[in-house]
Amino acid sequence: MDAVSALPNALQMLLVAALVVQALMVASAGNFNQDVDITWGDGRGKILNDGQLLTLSLDKASGSGFQSKNEFLYGKFDMQLKLVPGNSAGTVTAYYLKSQGSSWDEIDFEFLGNLSGDPYIVHTNVYTKGKGDREQQFYLWFDPTADFHTYSILWNPGHVIFYVDGRPIREFKNLEQAGVPYPKNQAMKMYCSLWNADDWATRGGQVKTDWSQAPFTASFRNFTANACVWFNGASSCPSDSFSNSAWFSQELDSSSQKVLKWVQKKYMVYNYCKDAKRFPQGLPVECTVRNRKTD
Ligand SMILES: *[C@@H]1O[C@H](CO)[C@@H](O)[C@H](O)[C@H]1NC(C)=O
Ligand SMILES: *[C@@H]1O[C@H](CO)[C@@H](O)[C@H](O)[C@H]1NC(C)=O
């Protein structure tokens, strides 16, 4: 018998309550010096303005990238990005959450560059237990190189939702009951990078990176994680039922559902769920399960 279970029930409850008060969510409001490490690129990633701005650059020799110091298990993550301007064809700017190991979970935003004046593609994917193949791609309703815009990932026990400037563009529901693995027990770090992917990124790889335009630079601002921090095998959010943050139980209400449908109707470029040719054995389960509540 361990120390805690030896205590009388009432005392155990008190102990739990104390832990809850002590360590609810951790909200970090954007200082890159405190929140991230630049992990590669040999000086091509730079933290500027006292931690308020981070730039990544890419040239023929290398790209660059950074990652959060913390690992998270659930959270609402916001980042403001200003993408590579001008001729960004062949470049990819990535912003994602990922866990470790060979059976990892991952939630991706990737921004596929293009020739000047041609539209970026926002490429999204969700990996669970090391398996992805869940791409959805979108155009944006603004020029993502002219200014900063907010790209968010909501990840809670029921839903993964991708947002652009507060508008939902994609939802991945917890459909474990239908046999679809859901990211729920592997902590993830936040990663960003800028790299060359001209073998596939722009028009399927037909347009190559124009190195005479290098270095390419993307800018990041105001990373905010309203999240459960995972540390030493424990979460800063003690248990699901204790959690009182709005994001923890957030889902799309009917007006957000309408926005999602609007974005998908007007701006979706590719949806794996509509690509029957790619899945001759049948579409993935999450594409065919109907949700009781919302459909
Ligand atoms: C680049 O522009 C072309 C032409 O408008 C378009 O077909 C393509 O989807 C755009 N984006 C990427 C990443 O290729
Ligand atoms: C920083 O991000 C937070 C969370 O998205 C937002 O509420 C706040 O307005 C942002 N601050 C600036 C200066 O954009």
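Every value quoted in this text rests on a predicted model; they were computed, and no experiment measured them. (Residues numbered from 1 in each chain as written. Chains lettered and ligands numbered in written order. Predicted model: local features only at pLDDT ≥ 70, side-chain atom pairs only at ≥ 80, totals over all residues. Heavy atoms only, no water.)

Here's the deal with the site of ligand 2
Phase 1 of the analysis: Asp78, Gln80, Asn222 and Thr224 make up every residue found near ligand 2.
Phase 2 of the analysis: Gln80 is positioned with one of its side-chain polar atoms (N or O) 3.0 Å from an oxygen atom of ligand 2.
Phase 3 of the analysis: Within the side chain of Asn222, a nitrogen or oxygen atom sits 2.4 Å from an oxygen atom of ligand 2.
Phase 4 of the analysis: Alone, ligand 2 offers 360 Å² of accessible surface; in the complex the protein occludes 39% of this.
Phase 5 of the analysis: Put simply, the parts of the chain that give the shell around ligand 2 at least two residues each are strand E6 (71-82) and strand E15 (216-231).
Phase 6 of the analysis: Along the lines of polarity and charge, the residues of the shell around ligand 2 split into no nonpolar, three polar and one charged. (Near = heavy atom within 4 Å. Polar contact = N/O pair within 3.5 Å; in protein donor to acceptor, adjacent residues only side chain to side chain. Areas by Shrake-Rupley, 256 points an atom, 1.4 Å probe, with all protein chains shown as cover. Helix = DSSP H or I, 4+ residues; strand = E, 2+ residues; numbered from the N terminus. Nonpolar A, V, L, I, M, F, W, Y, C, P; charged D, E, K, R; others polar.)

Comments concerning the pattern of salt bridges
It is possible for side chains of opposite charge to pair when their charged atoms get near one another.
Phase 1 of the analysis: For the structure on display, the rule yields eight salt bridges.
Phase 2 of the analysis: The partner of Arg44 in a salt bridge is Asp59, and the shortest N-O contact between them spans 2.9 Å. Of this pair, Arg44 sits in the loop between strand E2 (36-40) and strand E3 (45-48) while Asp59 sits in the loop between strand E4 (53-58) and strand E5 (64-68), and the two are 15 residues apart along the sequence.
Phase 3 of the analysis: Classification of Arg44 as buried rests on a relative accessible area of 17%.
Phase 4 of the analysis: In this structure Asp59 comes out as partly exposed when scored by relative accessible area, which is 22%.
Phase 5 of the analysis: It is possible to trace a salt-bridge network through shared partners that takes in Asp133, Glu135 and Arg278. (Salt bridge = Lys/Arg side-chain N within 4 Å of Asp/Glu carboxyl O. Buried < 20%, exposed > 50% of the residue type's maximum accessible area, 1.4 Å probe, protein only.)

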